[in-house]
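Spelled out from the first residue to the last, the chains are:
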Amino acid sequence: MPTAPQTTANPDAPKHDTWLLRALHGRLLSADFFAKNWVTILTIMVMFLVYITNKYQCQTRMETIQSLQRRLEIVETERVLQHSVYMSRIRESAMRELVDTMHLGLSIQERPPFKISYDR
């Protein structure tokens, strides 16, 4: 009588345990893996935290720089405006007009001032 093929698996046969099967069964990262590689894992986690902190600080500082640049543009525009107002006020014709409107009775000298010297 012919024998039927054996359906029971040989316990000594190598198992084809792929990373997908281990992940599905929850054996991809075991406690032994963490026990062996705790220093590396801790170092990587610290590096990630430093990276995240550095990126956040960089972004906030860039936003601060942009807002300060906008304020600087506004202040520079205001400075130019105030400078033009000042320059218009110190012009001789503007000063003459201002003196005339205030009725101070001042007039512009026709002759330039001269120096008096004393000879002995």
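About the criteria used
- Residues numbered from 1 in each chain as written.
- Predicted model: local features only at pLDDT ≥ 70, side-chain atom pairs only at ≥ 80, totals over all residues.
- Heavy atoms only, no water.
- Phe/Tyr/Trp six-rings, centres within 6.5 Å; stacked < 30°, edge-to-face > 60°.
- Patch = residues over 30% accessible without salt bridge, like charges linked within 9 Å, V, L, I, M, F, W, Y side chains within 5 Å.
- Areas by Shrake-Rupley, 256 points an atom, 1.4 Å probe, with all protein chains shown as cover.
- Salt bridge = Lys/Arg side-chain N within 4 Å of Asp/Glu carboxyl O.
- Helix = DSSP H or I, 4+ residues; strand = E, 2+ residues; numbered from the N terminus.
- Buried < 20%, exposed > 50% of the residue type's maximum accessible area, 1.4 Å probe, protein only.
- Axes fitted to C-alpha atoms, helices over the stretch in contact; angles between N-to-C directions.
- Parallel < 35°, antiparallel > 145°, perpendicular 65-115°, else oblique.
- Contact = heavy atoms within 4.5 Å.
- Nonpolar A, V, L, I, M, F, W, Y, C, P; charged D, E, K, R; others polar.

Colleague: Can you lay out the packing of aromatic side chains for me, pointing to particular residues and giving the numbers?
Modeller: One pass over the structure, following the stated rule, counts one aromatic pair. Here Phe-33 and Phe-34 contribute two aromatic rings whose centre-to-centre distance is 5.6 Å and whose plane-to-plane angle is 75°, an arrangement assigned as edge-to-face.

Colleague: Quick one: what's the story with a nonpolar patch on the surface, residue by residue and with numbers?
Modeller: Together, Trp-19, Leu-20, Leu-21, Leu-24, Leu-28, Leu-29, Phe-33 and Phe-34 make up an exposed nonpolar region whose accessible area comes to about 830 Å². Looking at the nonpolar patch, the elements with two or more residues in it are α1 (19-24) and α2 (31-36). Residue contributions to the nonpolar patch peak at four residues, all from α1. Looking at the element boundaries, Phe-34 is found in helix α2. When its relative accessible area of 39% is taken as the criterion, Phe-34 is described as partly exposed.

Colleague: Can you tell me about the packing of helix α3 (residues 38-90) against helix α4 (residues 92-102), naming the residues and giving the values?
Modeller: Two elements in contact, α3 and α4, have axes separated by 5 Å at closest approach and are oriented at 70°. Accordingly, the angle class assigned to the pair α3 and α4 is roughly perpendicular. Each of Ser-88, Arg-89 and Ile-90 in α3 lies in contact with α4, whose residues at this interface are Glu-92, Ala-94 and Met-95. Broken down by class, the residue content of the contact of α3 with α4 amounts to three nonpolar, one polar and two charged.

Colleague: So what about unusual backbone geometry? Which residues, and what values?
Modeller: Not every positive phi belongs to a glycine, and His-103 is a case in point at roughly 55°. With respect to the helices, strands and loops of the structure, His-103 is situated in the segment after α4.

Just distances and angles here, no functional claims.
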